[in-house]
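So you can see what is in the structure, the chains are spelled out below.
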2 protein chains.
Amino acid sequence: MKTPVKVTITGAAGHIGYALAFRVASGAMFGPDQPVILRLLEIPQAMSSVHGVGMELEDCAFPLLYDVVLTDDSAIGFRETDYAILIGAKPRSKGMERKDLIEENAKIFSAQGRAINNYASDQVRVLVVGNPANTNALIAASNAPDLDRKQFTAMTRLDHNRSLGRLANKTNTLVADITRMTIWGNHSMTQYPDIGNCLVKGTPAFELVSRDWAIDHFIPRIQRRGAEIIEARGLSSAASAADAVVDHVRDWVLGTPSGDWVSMAVASDGSYGIEEGVMFSFPVTCENRDYEIVQGLELDEFSQSRLMASDRELRKERSVIEELLPKT
Amino acid sequence: MKTPVKVTITGAAGHIGYALAFRVASGAMFGPDQPVILRLLEIPQAMSSVHGVGMELEDCAFPLLYDVVLTDDSAIGFRETDYAILIGAKPRSKGMERKDLIEENAKIFSAQGRAINNYASDQVRVLVVGNPANTNALIAASNAPDLDRKQFTAMTRLDHNRSLGRLANKTNTLVADITRMTIWGNHSMTQYPDIGNCLVKGTPAFELVSRDWAIDHFIPRIQRRGAEIIEARGLSSAASAADAVVDHVRDWVLGTPSGDWVSMAVASDGSYGIEEGVMFSFPVTCENRDYEIVQGLELDEFSQSRLMASDRELRKERSVIEELLPKT
């Protein structure tokens, strides 16, 4: 049997963390022959609840789940961990301004970045899900000086998968028929879901759907999908967000299929004119726990303007927390 | 690609149904090469919520999920379905007596039995999860005269898996090291979790743990585990119940491993002196969507008395709803 991988989930008593823990323990993330050890890291007030999650995990008798550690101590939660999935974040409360939200979370994620730097495996891979995800990932990465910036990512895979679902629905195909979906930018209302490179059973998407449909219906629907779910369920997306985490990490580790790519928010290297350093969602290919930004895609004026708008927003978010970033 | 299987889930907007739908759609139940069509059947008041579940399922871009049908019409929900997983049930409200609970649910499950009889595939397999599960399954089966009683089961797999988890924990082994766990009887406080036949890495469990531990600690803990989870989480078991559904159906369809068995509540054929006809949890082996009750296990006096107590309870439950059972 392989050596178990250690997976840390923060906010594991929350709706997304709860949905995720069982998927990981079942083998969905790393495959049916890879044992896992789960570390569920919560805030002190949620420890009773996370103990219940731990009991339910034991009650599943998952053959691949070798151990579950429940803790509110990040030194224990991140110790030698191979994967850190940062879901727990301060939610926006009523009357709170976005600036305050960013600052409050900056404190959490700078502390977690330091803890990961100090305690995690030096080959750890980090996925930030808690919002504002891109900027939280930037803060965490900036506070982990001994790790490579490429070990930190933020999640836009839910937007990516939502886009696949919408386009499959519109073109009356299966999601497996669609390749080269792209989410650009920030995981926020400025995100740009781009079907300009999509192939549907090998046919360019824009031979099947109009640009007007993309601009007037598809893009705003993806941007507002979270609100649509809340309206229907009375609760925010949980199982679909957890599923996107599974997909993000699985593809990062096991690789993307040949001829296709996925969307991940990663440190910009200046590709496509995006400010170096900000965490920006790009199309990426993955292999063996590493990613490469897909190069050379052509962007028309509309697309270009969308990327710039998201880049502007990310630079603005960064300016709010500039003083929390270590001086370089 | 294989022909998709149709899976109907009732109560899909509830906590267990919500956790289950995504596991099924991901391929956890029928394997990675078996497409599925989900039918989510809900009561009219839950249709908005189940629409949200449908949206989230679309948002996951599951390659195996060919279609999702959302309905409050059982003629649509069960039409030609291959698997009916009956989770939705009337919960016990404050001050309600158990007799009333049984009667209220008897109405729901007799109607569902008739609908399954009339609309489902004639090879349908039915799993009842909603409580009182054994008696609900009896009512459903009794109202489906064109189907074989062996097509109906109730779930004791959560109790089975909980027992594996506890014994693995106690003996400091992995659940995969343990075989021949058995849950006898009703999915209620009279259930009898029996480790008398268990092998732990091939060694009889009672060479590793004492009978006193089993009687004083293990059995009552399993019987009360649901309450323990509610106390910790503030919510009843959901993901672990959904996982038990996945295990129950997967093993029924794909078969139990050689040398091992699982626990399922099935129509008694008189084995072990249990009243013929009641739905009683037995050790069973499965192969190709069929089960056989394991025969010839020796039961000491203690075990015998436990089986009889659960049998008595089930006959009493049946007497409450006798008039709803078709005359034979």
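Quick caveat, the model's predicted, so the values are computed rather than measured.

## Observations regarding the pattern of salt bridges
For step 1, the next point in the chain: By the definition in use, this model includes 44 salt bridges over all chains.
For step 2, the next point in the chain: Of the charged contacts, one joins Asp33 of chain B and Lys2 of chain B as a salt bridge, the two residues approaching to 3.5 Å between their closest N and O atoms. Taken together, the residues Asp33 of chain B in the loop between helix H1 (15–25) and strand E2 (36–41) and Lys2 of chain B in the segment before strand E1 (5–10) connect sequence positions 31 residues apart.
For step 3, the next point in the chain: The class for Lys2 of chain B is partly exposed, based on a relative accessible area of 42%.
For step 4, the next point in the chain: With a closest N to O distance of 3.4 Å, Arg315 of chain B and Asp311 of chain B form a salt bridge. Of this pair, Arg315 of chain B and Asp311 of chain B both sit in helix H10 (residues 301–320), 4 residues apart, which is roughly one turn of the helix.
For step 5, the next point in the chain: Taking relative accessible area as the criterion, Arg315 of chain B reaches 31% and is therefore assigned partly exposed.
For step 6, the next point in the chain: Classification of Asp311 of chain B by relative accessible area gives buried; the value is 2%.
For step 7, the next point in the chain: A cluster of three or more residues bridged by salt bridges with shared partners is formed by Asp59 of chain A together with Asp159, Arg162, Arg221, Arg225 and Glu228 of chain B.

## Considering the confidence of the model for chain A
For step 1, the next point in the chain: Averaged over all residues, the pLDDT of chain A equals 96, while 99% of them reach at least 70.
For step 2, the next point in the chain: Overall fold confidence (pTM) sits at 0.96, and the ipTM for the predicted complex is 0.95.

## Description of the sheet that holds strand E7 (residues 178–179) of chain A
All names here are of chain A.
For step 1, the next point in the chain: Reading across from one edge, E7-E10-E11 is the order of the 3 strands in this open sheet, with antiparallel pairing throughout. The strands lining the two open edges of the sheet, one partner per strand, are E7 and strand E11 (203–204).
For step 2, the next point in the chain: As judged from the 2 bridges shared by strand E10 (residues 199–200) and E11, these two strands associate in the antiparallel manner. Within E11, the residue paired with Leu199 across the bridge is Pro204.

## Let's talk about the packing of aromatic side chains
For step 1, the next point in the chain: For the structure on display, the rule yields 16 aromatic pairs over all chains.
For step 2, the next point in the chain: Their ring planes at 75° and their centres at 5.0 Å tell us that Trp184 of chain A and Tyr272 of chain A sit as a pair that is edge-to-face. Of this pair, Trp184 of chain A sits in strand E8 (residues 182–184) while Tyr272 of chain A is found in the loop between strand E12 (262–267) and strand E13 (279–287), placing the two residues 88 residues apart along the sequence.
For step 3, the next point in the chain: Tyr272 of chain A sits in the buried class, given a relative accessible area of 15%.
For step 4, the next point in the chain: On the numbers, 5.1 Å between centres and 45° between planes, the contact of Phe280 of chain B with Phe282 of chain B is tilted.
For step 5, the next point in the chain: An aromatic cluster of at least three residues, connected via ring pairs, comprises Trp184, Tyr272, Phe280 and Phe282 of chain A.
For step 6, the next point in the chain: Over the aromatic face of Phe206 of chain A sits the side chain of Arg211 of chain A, whose NZ or CZ is 4.1 Å from the ring centroid.
For step 7, the next point in the chain: Above the plane of the ring of Tyr291 of chain B lies Lys150 of chain B, whose end atom (NZ or CZ) is 4.6 Å from the centre.

## Considerations on helix H7 (residues 211–223) of chain B
All names here are of chain B.
For step 1, the next point in the chain: Look at H7: 17 Å from first C-alpha to last across 13 residues, which is about the 18 Å you get at 1.5 Å a residue.
For step 2, the next point in the chain: The axis of H7 is deflected most strongly, by about 30°, at His217, and proline Pro220 appears within four residues downstream.
For step 3, the next point in the chain: The complete set of buried residues in H7 reads Trp213, Ala214, Phe218, Ile219, Pro220, Ile222 and Gln223.
For step 4, the next point in the chain: Buried residues in H7 make contact with helix H6 (157–171), strand E9 (192–194), helix H8 (225–233) and H10.

## Things to note about the sheet that holds strand E10 (residues 199–200) of chain B
Residues and elements named next belong to chain B.
For step 1, the next point in the chain: Spatial strand order, E7-E10-E11: 3 strands in an open sheet with antiparallel pairing. Two strands close off the open sheet at either side, each with one partner strand: strand E7 (178–179) and strand E11 (203–204).
For step 2, the next point in the chain: In the sheet, E7 pairs with E10 via 2 bridges, with the strands oriented antiparallel. Pairing of Ile178 across the sheet is with Val200, part of E10.

## Some points on the interface of chain A and chain B
For step 1, the next point in the chain: Tallying the contact residues gives 40 residues for chain A and 40 residues for chain B.
For step 2, the next point in the chain: Of all residues in chain A, the largest losses of buried area upon contact with chain B belong to Glu58, Asp59 and Arg233 of chain A, amounting jointly to 19% of the total for that side.
For step 3, the next point in the chain: Connecting chain A to chain B are 8 salt bridges.
For step 4, the next point in the chain: One salt bridge in this structure joins Asp59 of chain B and Arg225 of chain A, with 2.9 Å as the shortest N-O distance.
For step 5, the next point in the chain: Our enumeration of links across chain A and chain B arrives at 28 residue pairs in polar contact (both at pLDDT 80 or more).
For step 6, the next point in the chain: Those elements that provide at least two residues to the side of chain A that touches chain B are helix H1 (15–25), helix H2 (47–59), helix H6 (157–171), helix H8 (225–233) and helix H9 (239–254) of chain A.

## Describing the domain arrangement of chain A
Residues and elements named next belong to chain A.
For step 1, the next point in the chain: Here the domain parsing of chain A yields domain 1 (5–154) and domain 2 (157–318).
For step 2, the next point in the chain: Each of domain 1 and domain 2 has a C-alpha centre, and these two points are 23 Å apart.
For step 3, the next point in the chain: Listed as interface residues are 31 residues of domain 1 and, on the opposing side, 33 residues of domain 2.
For step 4, the next point in the chain: Around 2,700 Å² of area is buried between domain 1 and domain 2 when both sides are counted, 63% of it from carbon and sulfur atoms.
For step 5, the next point in the chain: The three residues of domain 1 that bury the most area against domain 2 are Met29, Asn134 and Lys150, which together make up 24% of that side's buried surface.
For step 6, the next point in the chain: Linking domain 1 to domain 2 there are 4 salt bridges.

What counts, and where the lines are drawn
Residues numbered from 1 in each chain as written. Chains lettered and ligands numbered in written order. Predicted model: local features only at pLDDT ≥ 70, side-chain atom pairs only at ≥ 80, totals over all residues. Heavy atoms only, no water. Salt bridge = Lys/Arg side-chain N within 4 Å of Asp/Glu carboxyl O. Helix = DSSP H or I, 4+ residues; strand = E, 2+ residues; numbered from the N terminus. Buried < 20%, exposed > 50% of the residue type's maximum accessible area, 1.4 Å probe, protein only. pLDDT = per-residue confidence, 0-100. Pairing = 2+ DSSP bridges. Phe/Tyr/Trp six-rings, centres within 6.5 Å; stacked < 30°, edge-to-face > 60°. Lys NZ or Arg CZ within 6 Å of the ring centre and 35° of its normal. Expected span 1.5 Å × (residues − 1). Bend = angle between axes of the 7 residues up to and from the residue. Contact = heavy atoms within 4.5 Å. Buried area = accessible area lost by both parts, 1.4 Å probe. Polar contact = N/O pair within 3.5 Å; in protein donor to acceptor, adjacent residues only side chain to side chain. Domains from an automatic or database assignment.

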